[in-house]
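Descriptive analysis of the structure
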Amino acid sequence: MRTSALVLLGCFHTAACSSAAGGGASAWLQVDDATYAKGALVDGQVGPPVLGTYARTSWIAPGQDGTLLNGTLGPGATAVLLGLTSDEGYWILPAAAPDTQTPDQPRFFASLGFSTAIAATELQLHLVAVDAAGLRGPASTVSFGVLPAVPPSGGLVVELAWDTEADLDLHVIDPLDNELWAGDIVSPQPDPATGTTQGVFGFDSNANCLIDGKRAETVAWSMPPTGAFTVQVDAYSLCQAQAAHWKVFVLREGAIRMQAQGVATPADARFAKGRRGGVEVLSFDWQ
Amino acid sequence: MLSLFAAGTARANPPIPLLPEGPAPATGQPEVQVHGYLQTDGIAWAQNSEDQLTPSTSEPLNQERLLIRRARLEADVRRGRLLGMVEIDANTVRGPTTGLASAEFSYLAIRSQPELPDLFMASLGLLRIPFGAEVQERDRDRLFLERSNVGRALFPGAFDLAARLQARWRSLVLQLAATNGDPAGSGKYALQNTNAAKDLAGRLAANIVGSGRLRVEGGVSFLQGKGFHPGTPATKEVLVWRDQNEDGIVQTSEIQIIPGTPATPSRNFQRFAVGCDLRLVGDLPRLGQVTAFGEVVWASNLDRALLPADPVGSGRDLRELGIVAGITQELGGHLVLGARYDWYNADLDAAKALPVRIVPSSAVFSTTAFVVAWRFSSLDRIAVEFDLNRNPLGRGSAGLPANLPSDTLTVRAQLAY
């Protein structure tokens, strides 16, 4: 349970209101190019105000990154502090140059990221401007609605997820012996009389150790063929990681019906890659 | 060599590494000794050897080779009650490397009153972790070439940065240590410290000399601490082109924008281990010493090498169980025979944790080792060992998990100096 909160009381110097900075990885809010400070975000009354804010969206999803928030600050502001209610810390973002139309009002451009651990339906983002003397102004608040987590859509979805920045590959073999993986992302067009649809491979995550942070791959069908499916997991490379703990989920209409899990070690990376690569982790009959 | 470690070095299977057995050190000029040993291996046959490179890391898969397994140089200094020791290791296991094997500073106190602990020792440095009998055994004293699967999984390098207390009273020895928790050989963060919590490890051992020619040594051990699940850094947006139809032409359907992701935090998790060990040593007329030994370790989330345990990534605790049993027999003054079986399950709940079959369907590693050694002196010997290995790391022709054939035949020459 997070216990810290925005304290709307007078506080006249940044150093007096926060503890030592940390990495901020465990905070709900993450801000690019900003410095993290632990502790409650405290505003003041004598510092410069936040004059205006503009967010491109009022809805965010847990795990989303790159949400843009711009704004203008009162004269003399050198930075803006950003923090969520109930978060464990806040961020210090230096102010940018003012617009030529308003040369005494510094601006700020924030790129916000939101943790996958967010468990709220609405977030209150507080912004406090601060000047060179450390004097803080009154808080301004922006609200974001939190979209519920949406499982991968499709009648049948097979998802592989893992925990370290390794290159793992999902292979799914359908009842017609079509293999869907990074090398074959769409299964052949089925006979229309069967009423089934093509399977689609989602995205080859961390391919060749080009880290994208998704650490997940999916194969999905709207109307899958009936019969036996086989799921394989291939450790293409561990990308310097000691191991990768993976899980495979089988979802029907968004609900998890089966799952398997295991550990990929450097020993798994020694085998040949490509079609039918990997080790079989589960099989199931789709009716 | 200081008397501190002298006990047991004259036999193939030394007893529990006890504390100094000599008289209280006299003050005066420091006593400095330099010594070491060399182990050169020739792997005559390795079942998993190929004249290829690992696809992902380009490391050679060939195992049939000559290598320097351990070349150790140790310097000891003793100045009154103060002891210091530094041990350097060089080897060619993954190419030529040199590093610190152990280093310790100790304060030693010896008493003569029988009702008090007759010896007390406080140490600080890169120390042997006080858990189990096998971890305590020096590499040069062990007849078998390497430690068992469970020993290598839970304590990959046997050494960690620690503060340790040792006390001996009559036949009992108590060892307690607070360690960083990232021992040598434990991967990316070995001998660093990923969390502020310290692992607490300890061992209580007894060395009982029975009537006749039988000696019994045994101990119980524990470890309690916190492991570390590494977080992941934030990623930026990435524009990716995958040539799905392999025509070499960029098409809009082949371009994807992968949004950036926020960082995920690192987390700590609880881990523990308990173990017990027993060793029976007897002297057979005309033949020599016979030694039977066994050890059992039960742990949770402690595997740091074979199948690294991470309950955060796995979503559940991983319980481990390891068993080691063996026997050695001297035949005359030079020849020694030995056999050892070890069984290690890295995930006791693998089969019942989920409603469907998981991979690996078995997390059991086992090794049956047979060794024949010819000793030129107490520590100089040539040993031939055959290891019959079983593991869940291979794949069958149908893609199902299977044993990865990895039996080996190794010749080792050891010389101490």
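First, a word on scope: everything that follows refers to the structure included in this document.

Conventions adopted
Residues numbered from 1 in each chain as written. Chains lettered and ligands numbered in written order. Predicted model: local features only at pLDDT ≥ 70, side-chain atom pairs only at ≥ 80, totals over all residues. Heavy atoms only, no water. Helix = DSSP H or I, 4+ residues; strand = E, 2+ residues; numbered from the N terminus. Buried < 20%, exposed > 50% of the residue type's maximum accessible area, 1.4 Å probe, protein only. Pairing = 2+ DSSP bridges. Contact = heavy atoms within 4.5 Å. Buried area = accessible area lost by both parts, 1.4 Å probe. Salt bridge = Lys/Arg side-chain N within 4 Å of Asp/Glu carboxyl O. Polar contact = N/O pair within 3.5 Å; in protein donor to acceptor, adjacent residues only side chain to side chain. Nonpolar A, V, L, I, M, F, W, Y, C, P; charged D, E, K, R; others polar. Lys, Arg positive; Asp, Glu negative; His and termini not counted. Patch = residues over 30% accessible without salt bridge, like charges linked within 9 Å, V, L, I, M, F, W, Y side chains within 5 Å. Areas by Shrake-Rupley, 256 points an atom, 1.4 Å probe, with all protein chains shown as cover. Disulfide = S-S within 2.5 Å. 1 Å grid on protein atoms, 1.4 Å probe; cavity = no way out; pocket = protein on both sides within 12 Å on 5 of 7 lines; lining within 4 Å. Points joined across faces, edges and corners; volume = space filled by probe spheres on them. Domains from an automatic or database assignment.

What follows concerns the overall build of chain B. Each helix and strand counted, chain B has three helices and 20 strands in total. Out of the 417 residues belonging to chain B, those deemed buried represent 50%.

Residues and elements named next belong to chain B. Looking at chain direction, strand E1 (residues 31-46) and strand E2 (residues 66-79) are connected through twelve bridges and run antiparallel. The residue of E2 that forms the bridge with Val 32 is Val 77. Here E1 runs beside strand E20 (residues 408-416); their pairing, made up of nine bridges, is antiparallel. Each bridged residue has a counterpart across the sheet, and for Tyr 37 the counterpart in E20 is Ala 416.

All right, on to the interface of chain A and chain B then. Counting residues at the interface gives 50 residues for chain A and 49 residues for chain B. A combined buried area of about 4300 Å² lies between chain A and chain B, and 55% of that area is made up of carbon and sulfur atoms. When residues of chain A are sorted by the area they lose upon contact with chain B, A:Gln242, A:Gln261 and A:Arg270 head the list and together hold 17% of the total. At the boundary of chain A and chain B, one finds one salt bridge. The interface formed by chain A and chain B contains nine residue pairs in polar contact (both at pLDDT 80 or more). Taken together, the elements giving at least two residues each to the side of chain A that touches chain B come down to strand E8 (107-114), strand E16 (227-237), strand E17 (244-252), strand E18 (255-264) and strand E19 (279-286) of chain A. If you tally residues by element for the side of chain A that touches chain B, the top one is E18(A), at six residues. For the side of chain A that touches chain B, the class distribution of residues is 19 nonpolar, 18 polar and 13 charged.

What follows deals with the side chain of A:Asp43. Residues and elements named next belong to chain A. Note that Asp 43 resides in the loop between strand E2 (35-38) and strand E3 (50-55). No salt bridge forms around the buried Asp 43; measuring N to O, its nearest opposite-charge neighbour Arg 136 is 7.5 Å away. Within the structure, Asp 43 has its side chain in polar contact with the backbone nitrogen of Ala 139 (distance 3.3 Å).

Turning next to the sheet that holds strand E14 (residues 200-201) of chain A. All names here are of chain A. Reading across from one edge, E14-E15-E11-E17-E18 is the order of the five strands in this open sheet, with antiparallel pairing throughout. With one partner strand each, in any of the chains shown, E14 and E18 form the two edges of the open sheet. Bridging between strand E11 (residues 156-162) and strand E15 (residues 216-221) involves six bridges; their strand directions are antiparallel. Paired with Val 158 across the strands is Val 219, a residue of E15.

Attention shifts here to a nonpolar patch on the surface. Residues and elements named next belong to chain B. Judged by side-chain polarity, Val 32, Val 34, Leu 73, Val 86, Ile 88, Leu 100, Leu 415 and Tyr 417 come together as a nonpolar surface patch covering roughly 730 Å² of accessible area. Those elements that provide at least two residues to the nonpolar patch are E1 and strand E3 (82-91). With respect to the element layout, Leu 73 can be found in strand E2.

Moving on, we come to the state of the cysteines. Two cysteines whose sulfur atoms are joined by a covalent bond form what is called a disulfide. All names here are of chain A. Scanning the entire structure with this criterion turns up one disulfide over all chains. Each sulfur of the disulfide joining Cys 209 and Cys 239 lies 2.1 Å from the other. Across the S-S bond linking Cys 209 and Cys 239, the dihedral sits near -90°, which makes this disulfide left-handed. Note that Cys 209 is positioned in the loop between E14 and E15 and Cys 239 in the loop between E16 and E17, a separation of 30 residues in sequence. Of the residues examined, Cys 209 reaches a relative accessible area of 30% and is grouped as partly exposed. In this structure Cys 239 comes out as buried when scored by relative accessible area, which is 17%.

Looking now at the pattern of salt bridges. Residue and element names in this part refer to chain B. Applying the stated criterion across every chain, the model contains 30 salt bridges over all chains. Here Arg 215 ties to Glu 217 by a salt bridge, and the two come within 2.9 Å at their closest N and O atoms. The exposure class assigned to Glu 217 is buried, which follows from its relative accessible area of 1%. With its nearest N and O atoms 3.7 Å apart, the salt bridge here joins Glu 217 to Arg 279. Taken as a pair, Glu 217 in strand E9 (residues 214-229) and Arg 279 in strand E12 (residues 267-284) lie far apart in primary sequence, 62 residues in all.

Turning our attention to the layout of surface pockets. A water-sized probe rolled over the atoms picks out the places where empty space is left. In this structure, the second largest pocket encloses a volume near 1500 Å³. As for the second largest pocket, its lining consists of 43 residues, of which A:Pro62, A:Thr116, A:Glu159, A:Lys214 and A:Ala216 are closest to the centre. Looking at the lining of the second largest pocket, the elements that each hand over two or more residues are E11, E15 and E17 of chain A together with strand E11 (255-258) and helix H3 (311-314) of chain B. Ranked by residue count, the leading element in the lining of the second largest pocket is E17(A), at five residues. Counting only domains with at least three residues in the lining of the second largest pocket, you end up with domain 1 (3-146) and domain 2 (156-286) of chain A.

As a further point, take the side chain of A:Asp131. Residues and elements named next belong to chain A. Its location among the elements puts Asp 131 in strand E9 (residues 122-131). An unpaired buried charge is present at Asp 131: no salt bridge exists, and Arg 136, the closest side chain of opposite charge, is 8.9 Å distant. A distance of 3.0 Å separates a polar atom in the side chain of Asp 131 from the backbone nitrogen of Ala 133. For Asp 131, the residues in contact, after removing those within four places along its chain, are Pro 48, Gly 76, Ala 77 and Thr 78.

Function cannot be inferred from these measures alone, as they are strictly geometric.
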